[in-house]
Amino acid sequence: MGTRHMIGVVSGGKYRVAQYGQWDGYPSGQGVGVLEFLTDGNLDALKRNVLKCSFISDDEYKELTKGYTNENAGQFFDKYPQFSRDTGSDILKLVSQAEDGLKLVDDYEFAADSLFCEWAYIIDFDKNTFEIYEGFNNTPLEAHDRFFGMVCSRYADKKNSSDIYYPVKLKKVFSLCDLPTVEEFLLELEPPDEGEELYG
């Protein structure tokens, strides 16, 4: 399902990953993918290798994509999966396996418009947290919020606050030292309707 999202990794006071994803951004989709990596993946390798990652410039990206067209774009993304909108939570595995680091696209600003950014998942190694943010937010953020101060240009002339979508808003924080099970995670973030059975 086309549920857009952003996956971020913070370390050393900086965003090292800010990955746009096009598909299945719900907690039961990419959220579980992030959680399962944090639980079962090589977290030490992610911590180490994410410090070697950097964001690619527009000029570098144009140079890299020379010779590729819409017809053979699949070949490009097969070679550079970190640039694909389809990669989702697998970006964490890619970074953890890249001993020399990766060039990545910086999609941090996507979190500013929660009409389109429906979910965001932030791993913050400085705070030792896994944070989940929800979109469709019509309420201004407070100064302590992670994405406070971000402004989406599409709302610059809007006067009615009900027509404005602010950045994604914090829904839940977990300690990396005390992560939930998948069942607990979904119960917190996508509780079933009354009378409906939990996932699975």
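Relevant structure appears above.
Rules used in this analysis
- Residues numbered from 1 in each chain as written.
- Predicted model: local features only at pLDDT ≥ 70, side-chain atom pairs only at ≥ 80, totals over all residues.
- Heavy atoms only, no water.
- Pairing = 2+ DSSP bridges.
- Helix = DSSP H or I, 4+ residues; strand = E, 2+ residues; numbered from the N terminus.
- Axes fitted to C-alpha atoms, helices over the stretch in contact; angles between N-to-C directions.
- Buried < 20%, exposed > 50% of the residue type's maximum accessible area, 1.4 Å probe, protein only.
- Salt bridge = Lys/Arg side-chain N within 4 Å of Asp/Glu carboxyl O.
- Parallel < 35°, antiparallel > 145°, perpendicular 65-115°, else oblique.
- Contact = heavy atoms within 4.5 Å.
- Nonpolar A, V, L, I, M, F, W, Y, C, P; charged D, E, K, R; others polar.
- Core = buried A, V, L, I, M, F, W, Y, C linked by side-chain atoms within 4.5 Å.

Student: Whenever I open this one, the sheet that holds strand S2 (residues 14–21) confuses me. Can you help?
Tutor: In any sheet, the strands associate via hydrogen bonds between backbone groups, in a parallel or an antiparallel arrangement. Here we have five strands laid out as an open sheet, ordered S2-S1-S5-S6-S7, and mixed in their pairing. A single partner strand is all that each edge strand has here, and the edge strands are S2 and strand S7 (169–175). Across the sheet, the mean angle separating the axes of adjacent strands is 15° when strand polarity is ignored. Two elements, strand S1 (residues 5–11) and S2, share seven bridges in a ladder whose sense is antiparallel. From the neighbouring strand, Gly-8 faces S2, where its bridge partner is Ala-18.

Student: Is there a simple way to explain unusual backbone geometry in this structure?
Tutor: Note on backbone geometry: most residues besides glycine have negative phi, and most peptide bonds are trans. One non-glycine residue with positive phi stands out, namely Asp-24, at about 55°. Take Asp-24: it is sitting in the loop between S2 and helix H1 (27–40). Although it is not a glycine, Asn-128 sits at a positive phi angle of roughly 60°. The class of Asn-128 is partly exposed, set by a relative accessible area of 25%.

Student: How should the pairing of S1 be read in this particular structure?
Tutor: Both faces of the sheet carry side chains from a regular strand, because those side chains alternate between them. With seven of its seven residues buried, S1 lies for the most part within the structure. Neither face of S1 is open: one carries His-5, Ile-7, Val-9 and Ser-11, the other Met-6, Gly-8 and Val-10, and all of them are buried. Linking S1 to S2, which pair antiparallel, is a turn of two residues; within it Gly-12 sits at a positive phi near 65°. Here S1 pairs with strand S5 (residues 119–124) via six bridges, running parallel.

Student: In this structure, what is going on with the pattern of salt bridges? I would like to understand it.
Tutor: Proximity of charged atoms lets side chains of opposite charge pair with each other. With the rule as written, the count across this model stands at nine salt bridges. Its salt-bridge partner being Asp-86, residue Arg-85 comes within 3.9 Å of it at the nearest N-O pair. Judged by relative accessible area, which is 49%, Asp-86 ranks as partly exposed. When the shortest N-O distance is used, the salt bridge between Asp-113 and Arg-154 registers 2.5 Å. One end of the pair, Asp-113, is in the loop between strand S4 (103–104) and S5; the other, Arg-154, is in the loop between strand S6 (129–134) and S7, and 41 residues separate them in sequence. The network of salt bridges with shared partners includes Asp-124, Glu-131 and Arg-146.

Student: Is there a simple way to explain the packing of helix H2 (residues 43–50) against helix H5 (residues 90–97) in this structure?
Tutor: The relative placement of two packed helices is expressed as an angle between their axes plus a distance between the axes. Look at H2 against H5: their axes get within 7 Å of each other, and the N-to-C directions meet at 75°. With respect to H5, the axis of H2 lies roughly perpendicular. In contact with Ala-45, Leu-46, Asn-49 and Val-50 of H2, H5 contributes Leu-92, Val-95, Ser-96 and Gln-97. A per-class count over the contact of H2 with H5 returns five nonpolar, three polar and no charged.

Student: Honestly, the nonpolar core in this entry has me stumped. Any pointers?
Tutor: Across soluble globular proteins, you tend to see nonpolar side chains buried next to one another. Ranked by internal contacts, the top residues of the largest apolar core, which has 29 residues, are Val-34, Leu-92, Val-95, Ile-123, Phe-130, Ile-132 and Phe-185. Mapped by element, the contributors of at least two residues to this core are S1, H1, H2, H5, S5, S6 and helix H6 (182–189). At five residues, the largest contribution of residues to this core is made by H1. Filtering out sequence-adjacent residues up to four positions away, Ile-132 remains in contact with Trp-119, Ala-120, Tyr-121, Lys-169, Leu-170, Lys-171, Lys-172, Phe-174, Phe-185 and Leu-189.

Student: Mind showing me how you'd approach the pairing of S6 here?
Tutor: The buried fraction of S6 is high, at five of six residues. The pairing of S5 with S6 spans six bridges and is antiparallel. Bridge pairing in S6 links Trp-119 to Glu-134. For S6 and S7, the ladder comprises six bridges, and the chain directions are antiparallel. Following the sheet pairing, Glu-131 is matched in S7 by Val-173.

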